[in-house]
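Chain and residue survey
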Amino acid sequence: MCRKPVRAAIYTGMAVLFLLMLTWRYLPGYLDPTFEKHIQNKQVMIGMTKQQVLKAWGSPYTINVSYTKEGIRREEWIFEDWKDSATIKHRYLYFEEDTLVSGWYYQ
C-alpha cells in the first residue's frame with residue numbers, strides 16, 4: 001500500500017550513493033585544489049601533476065615510459081625505500097600525460 005514512497009526512497013538512496021562513488025575520487029582536489037597541504041605532509045593524490053609529486057616525494061629511482069595506441073604518454077615512476085642493507089620497499093606511481101592516475105606500494 002505504501003510501496004511507492006518506499007521505492008522512491010530506495011531509488012533516491014541508490015542515486016545518492018552512486019553520485020558519492022563518482023565524486024569520491026575528486027573530493028580531495030576540491031578540498032585542497034592546489035594540493036599544498038598534501039605536499040607539505042609528503043602525500044600524493046590522484047590528480048596531481050608530476051611537479052607536485054616531485055615536491056612531495058622527490059625524484060623517483062626509475063621512470064618507465066610507454067605510449068598507448070592513441071598516442072597518450074604513460075609513465076611508471078618507481079621509488080625505492082631502503083629500510084636497512086637487506087630490505088627494500090617499492091612505491092609505484094602511474095601517470096598519463098602530466099597527471100597522476102594511480103599508484104601502489106609494498107608495506
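Described in the following lines is the structure provided in the data block. Bear in mind that the values here come from a model prediction, so they are computed numbers and not experimental data.

Let's shift gears to the overall build of the chain. Each helix and strand in the chain was counted, giving 4 helices and 4 strands. Taken from the N to the C terminus, the helices and strands of the chain come in the order α-α-α-α-β-β-β-β. Within the span of the chain, comprising 107 residues, buried residues form 21% of the whole. By sequence separation, contacts in the chain at least 24 residues apart represent 22% of the contacts at least 6 residues apart. With the model as given, the accessible surface of the chain reaches about 8,400 Å², and the carbon-plus-sulfur share is 60%.

Time to look at the packing of aromatic side chains. Tallied over the entire structure, the rule returns 4 aromatic pairs. Between the aromatic rings of W57 and F79, the centroid separation amounts to 5.1 Å while the plane-to-plane angle is 90 degrees, which identifies the pairing as edge-to-face. Of this pair, W57 sits in helix α4 (residues 50-57) while F79 sits in strand β2 (residues 73-84), and the two are 22 residues apart along the sequence. Judged by its relative accessible area of 23%, W57 is partly exposed.

Quick look at the nonpolar core now. One broad rule of soluble globular proteins: the nonpolar side chains tend to lie buried together. Of all hydrophobic cores here, the largest spans 11 residues; its members are F35, I39, V44, M48, V53, A56, W77, F79, L93, F95 and L100. Sorting the residues of this core by element identifies α4, β2 and β3 (87-96) as the ones contributing at least two each. Among all residues touching L93, those that are not within four sequence positions of it are V44, V53, W57, E75, E76, W77, F79, L100, S102 and G103.

On to the sheet that holds β3, then. In space, the 4 strands of this open sheet follow the order β1-β2-β3-β4, with antiparallel pairing throughout. Looking at the sheet topology across the chains shown, the edges are occupied by β1 (62-67) and β4 (99-105). Here the strands of the sheet are splayed against their neighbours by 20 degrees on average, with no regard to which way each runs. Sheet analysis places β1 next to β2, joined by 6 bridges and oriented antiparallel. Looking at β2, one finds that I63 is bridged to W77.

Attention shifts here to the pairing of β4. As defined by bridge partners, β3 adjoins β4 across 6 bridges and the pair is classed as antiparallel. Counted as the bridge partner of L93 is G103 from β4. As consecutive antiparallel partners, β3 and β4 are separated by 2 residues, and within that stretch E97 has a phi angle of approximately 55 degrees, a positive value.

Cut-offs and rules
- Residues numbered from 1 in each chain as written.
- Predicted model: local features only at pLDDT ≥ 70, side-chain atom pairs only at ≥ 80, totals over all residues.
- Heavy atoms only, no water.
- Helix = DSSP H or I, 4+ residues; strand = E, 2+ residues; numbered from the N terminus.
- Buried < 20%, exposed > 50% of the residue type's maximum accessible area, 1.4 Å probe, protein only.
- Contact = heavy atoms within 4.5 Å.
- Areas by Shrake-Rupley, 256 points an atom, 1.4 Å probe, with all protein chains shown as cover.
- Phe/Tyr/Trp six-rings, centres within 6.5 Å; stacked < 30°, edge-to-face > 60°.
- Core = buried A, V, L, I, M, F, W, Y, C linked by side-chain atoms within 4.5 Å.
- Pairing = 2+ DSSP bridges.
- Axes fitted to C-alpha atoms, helices over the stretch in contact; angles between N-to-C directions.

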